[in-house]
Amino acid sequence: MQLLAGDMRPVSDRFLEFSRLSKHFPVPGGGEAVIVEDFDLRVAEGEFVCVIGHSGCGKSTVLSIAMGLASPSSGGIILAGREIVGPGLDRGVVFQSPALLPWLTARENVLLALDQALPDAPRGERRRLADAALARVGLAEAGDRRPAELSAGMQQRVGIARAFAVEPRVLLLDEPFSLLDAFTRMDLQDEMLRLWEEDRRTVVMVTHDVDEALLLADRVVMMTSGPRARVGEILRVPFARPRQRARVLEDARYYPLRERLLAFLAEQGGHQGAIP
Amino acid sequence: MTRRSSLSTLLLPFAGIATVLAVWTVLSRHVAPDLPSPWRTWKESEPYVLRPFFKDGEMNQGIGRFALLSLWRVTKGFSLAIAIGTPLGFLLGLSPTFRRAFEPVIQVMRPISPLAWLPLGLIIFQRSEPAALFTIALCAMWPTVVNTAVGVRSINVEYLNVGRVLRLSPMTMLRKIVIPATLPYVFTGYRLSLGLAWLVIVASEMLTGAPGIGGFLWQEYNSLVYSHILLSIVTIGLIGFALDRLMGMVETRVRGL
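Remember, predicted model here, so these are calculated numbers, not experimental data.

Visitor: Can you help me understand the overall build of chain A in this one?
Guide: Check the secondary structure of chain A and you find 8 helices and 11 strands. Relative to its length of 276 residues, chain A is compact, with a C-alpha radius of gyration of 19 Å against a globular reference of 19 Å. Summarising its shape, the C-alpha atoms of chain A cover approximately 50 × 50 × 40 Å along the three principal directions. Evaluated residue by residue, chain A yields a buried proportion of 42% over its 276 residues. Of all intrachain contacts in chain A linking residues separated by at least 6 positions in sequence, the fraction that spans at least 24 positions is 72%.

Here's what the structure looks like:
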């Protein structure tokens, strides 16, 4: 059930490859804080990977390097054979907060991404695609509303629509449901499961919710606590696809897997606090 | 409860005005005999207030006419101030290099009084009207500059990250994210700048003797018609208050977007 990071899988399984990724920050008064060191991970095309770890362990640092918002101190990330340098529309991004522009309507927020991805498409076509993206997340009627007129869950749906609309090669999700109330969170997890099932796009999602990880992921990557965080263990989640929450929870293997994840987090608990 | 609060919102301001009038009366009667009483001020000002738009020569016009002259001058000076101040604020907020170069200059220029700029304006432009505009613009633009720069620097980093992951061009970033995000700060700057412009207008008219509410005030002081000084002061205050409310309404609208 457990696989080591340096497993012997074929090259086609290296659709997205994190290779010896490290991130250091200079510390005031000299020296360096090593947040992440030698983070290695291979993600296959069409795979859903969740990265879990304690808050501040550096999992969001890894993801923001993949987004192109930060650069690694050493090592790198290769996506479909090309090294990632800076941001790009080949990666769809959903942040922890919806990060919608409040002065734009839901449709205009999605169009912001589509205008960039398809600058040569006719305006009407882009608008149609934006409405289709909103309809996919159940917001067909909300196109003309501004974020302030939408609930937190609906706002995050717009954020997801914006990421999916440009059909990126990989989706990078940074704790996208952690700011939502429990019911809305479950609602969006189910929605994410359904959306992913439609085209099985490659996903790397950072979370600290073990149940969320077990529901959504093919593999759960456990990061050690910082400093010098890296991949600790990787857990393969064996539940059949397409998944449904009730079925997953009924599965006899669910609780042992959950225990395994919690035990890992408990082991790492002593080292909390990323910077010494 | 609501009845009581609506009563007090009406009554309390009147109580405030009554107190000021009482102090004024006491002052004019017992302390400063040259200061006209409220009643005398009203009697001597009556023609200027009741026929606000008469004109009997350059420096003898109704108070409404003087106010319009001053307002027109403020409009020109304020427009100049925000036309220079807004782009300057964006530059300061966007470019660390520009900020390091000009922040010290701006900090030194900000506290300089209009009374100091005006002679310089007269030397540069030779005529009083452009000198007055120069002074108003130079004194009034700082709140716009500072607020715009602060607004740019306090843009939610999430909005900027959205722009970055979507690889927006610098122009699109400015148009779709930076300017809309900064707008509320810009308009706060405009409101404060307009207030300053109105403060400066009086000083600049007093020094240049230009026809307007400040020029009228200074002329009446020289002609020993003290009640008209008080008339001018009250008018200046009321117009300043109205301007602030007006810009406040614009500001609220922009913030609500």
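Let us keep going from here.
Visitor: How should I be thinking about the overall build of chain B in this particular structure?
Guide: On a plain count of helices and strands, chain B comes out with 11 helices and 0 strands. A principal-axis box enclosing the C-alpha atoms of chain B has dimensions of 70 × 60 × 35 Å. Across the 257 residues of chain B, 39% fall into the buried class. Long-range contacts, defined as pairs at least 24 residues apart, comprise 68% of the intrachain contacts of chain B with a sequence gap of at least 6.

Visitor: For this particular structure, what's the right way to read the nonpolar core?
Guide: Nonpolar side chains in soluble globular proteins tend to be buried together. If you look at the biggest cluster of nonpolar residues, it comprises 135 residues, and the most contacted ones within it are Val110(A), Val204(A), Ile136(B) and Ala197(B). Two domains share this core, each providing at least three of its residues, namely domain 1 (2-90 + 169-271) and domain 2 (100-167) of chain A. Dropping the residues within four chain positions of it, Ile136(B) is found in contact with Val74(B), Gly77(B), Ala81(B), Ala197(B), Val200(B), Ile201(B) and Ser204(B).

Visitor: What am I meant to see in the packing of helix α7 (residues 142-153) of chain B against helix α9 (residues 170-208) of chain B here?
Guide: When two helices pack together, their arrangement is captured by the angle between the axes and the distance separating the axes. Residues and elements named next belong to chain B. One way to put it is that α7 packs onto α9 with a least axis distance of 7 Å and a crossing angle of 160°. Of the possible angle classes, the one that applies to α7 and α9 is roughly antiparallel. Considering how the two elements wind past one another, α7 and α9 form a crossing that is right-handed. Of the residues in α9, those touching α7 at Pro143, Thr144, Val146, Asn147, Thr148, Val150, Gly151 and Val152 are Val178, Thr182, Tyr185, Val186, Thr188, Gly189, Tyr190, Leu192, Ser193 and Leu196. Each residue belonging to the contact of α7 with α9 can be placed in one class, and the counts come to 10 nonpolar, 8 polar and no charged.

Visitor: Got a minute to help me understand the interface of chain B and chain A in this structure?
Guide: As a measure of interface size, the accessible area lost when the parts come together is often cited. At the junction of the two partners, chain B supplies 13 residues and chain A supplies 15 residues. Secondary structure elements with two or more residues in the side of chain B that touches chain A: α8 (157-165) and α9 of chain B. For the side of chain B that touches chain A, the leading source of residues is α8(B), giving 6 residues. Looking at the side of chain B that touches chain A residue by residue, the classes come out as 8 nonpolar, 1 polar and 4 charged.

Visitor: Can you help me understand the confidence of the model for chain A in this one?
Guide: Residues at a pLDDT of 70 or more form 93% of chain A, whose mean pLDDT is 90. Below pLDDT 50 for its whole length, residues 1-7 of chain A participates in 12 contacts with residues either more than four positions away or in separate chains.

Visitor: Explain the sheet that holds strand β6 (residues 82-83) of chain A to me, please; I cannot follow it from the model alone.
Guide: Picture the strands of a sheet paired through backbone hydrogen bonds; they go either parallel or antiparallel. All names here are of chain A. If you trace the 4 strands from one edge of the open sheet to the other, you get β3-β2-β5-β6, paired in antiparallel fashion. On the outer flanks of this sheet lie β3 (32-43) and β6, each paired with one strand and no other. With 8 bridges connecting them, strand β2 (residues 16-26) and β3 associate as antiparallel partners. Across the sheet, residue His24 finds its bridge partner in β3, namely Val34. Contacts from helix α1 (residues 59-67) reach β2, β3 and β5 (74-79) within the one sheet, and its direction differs from that of β2 by about 115°.

Visitor: Looking at this structure, how should I read the domain arrangement of chain A?
Guide: Residues and elements named next belong to chain A. Along its sequence, chain A is carved into domain 1 (2-90 + 169-271) and domain 2 (100-167). Each of domain 1 and domain 2 has a C-alpha centre, and the two are 26 Å apart. The interface of domain 1 with domain 2 comprises 10 residues on the first partner and 10 residues on the second. The biggest single contributor to the side of domain 1 that touches domain 2 is helix α5 (residues 182-199), with 5 residues. Residue classes in the side of domain 1 that touches domain 2 are distributed as 7 nonpolar, 1 polar and 2 charged.

Visitor: Before we go on, may I ask you to explain the packing of helix α3 (residues 63-94) of chain B against helix α6 (residues 128-140) of chain B in this structure?
Guide: All names here are of chain B. The geometry of α3 relative to α6 is characterised by a closest axis approach of 8 Å and an angle of 50° between their N-to-C directions. With respect to α6, the axis of α3 lies oblique. Relative to α6, the crossing made by α3 is right-handed. Taking contact as the criterion, the partners of Arg73, Val74, Lys76, Gly77, Phe78, Leu80, Ala81 and Ile84 in α3 are, on α6, Ala132, Leu133, Ile136, Ala137 and Ala140. Of the residues that constitute the contact of α3 with α6, the class distribution is 10 nonpolar, 1 polar and 2 charged.

Visitor: Looking at this model, I keep getting lost on helix α8 (residues 254-268) of chain A. Mind explaining?
Guide: Owing to its 3.6 residues per turn, the α-helix aligns residues three or four sequence positions apart on the same side. Residue and element names in this part refer to chain A. For α8, which comprises 15 residues, the first-to-last C-alpha distance of 22 Å matches the rise-based estimate of 21 Å (1.5 Å per residue) to within 8%. Every buried residue of α8 is accounted for by Leu257, Leu261 and Phe264. In an axial view of α8, the angular spread of the buried residues amounts to 60°, which keeps them on one side of the axis. Facing away from the buried surface of α8 by more than 90 degrees, the exposed residues are Tyr255, Pro256, Glu259, Leu262, Ala263 and Ala266. Tucked inside the fold, the buried residues of α8 contact β4 (48-52), α6 (210-216), β10 (219-223) and β11 (231-236).

Visitor: So what exactly am I meant to see when it comes to the pairing of strand β8 (residues 170-174) of chain A here?
Guide: In the case of a regular strand, side chains alternate between the two sheet surfaces. Residue and element names in this part refer to chain A. The buried count for β8 comes to 5 of 5 residues, which makes it a mostly enclosed element. By the alternation rule, side chains of β8 split into Val170, Leu172 and Asp174 and Leu171 and Leu173, which are all buried. Sheet topology places strand β7 (residues 91-94) next to β8; 4 bridges connect them, and they run parallel. For Gly92, the partnering residue across the bridge sits in β8 and is Leu171. With α5 bridging β8 and its parallel neighbour strand β9 (residues 202-207), the resulting β-α-β unit is right-handed.

Quick notes on the rules
Residues numbered from 1 in each chain as written. Chains lettered and ligands numbered in written order. Predicted model: local features only at pLDDT ≥ 70, side-chain atom pairs only at ≥ 80, totals over all residues. Helix = DSSP H or I, 4+ residues; strand = E, 2+ residues; numbered from the N terminus. Rg over C-alpha atoms; globule rule 2.2 N^0.38 Å. Buried ≥ 20, exposed ≤ 12 C-beta atoms within 10 Å, placed from the backbone. Contact = placed C-beta atoms within 7 Å. Core = buried A, V, L, I, M, F, W, Y, C linked by C-beta atoms within 7 Å. Domains from an automatic or database assignment. Axes fitted to C-alpha atoms, helices over the stretch in contact; angles between N-to-C directions. Parallel < 35°, antiparallel > 145°, perpendicular 65-115°, else oblique. Left-handed = near helix turned anticlockwise from the far one by under 90°. Nonpolar A, V, L, I, M, F, W, Y, C, P; charged D, E, K, R; others polar. pLDDT = per-residue confidence, 0-100. Pairing = 2+ DSSP bridges. Expected span 1.5 Å × (residues − 1). Arc of directions from axis to C-beta. Right-handed = clockwise from strand over helix to strand, strands pointing away.

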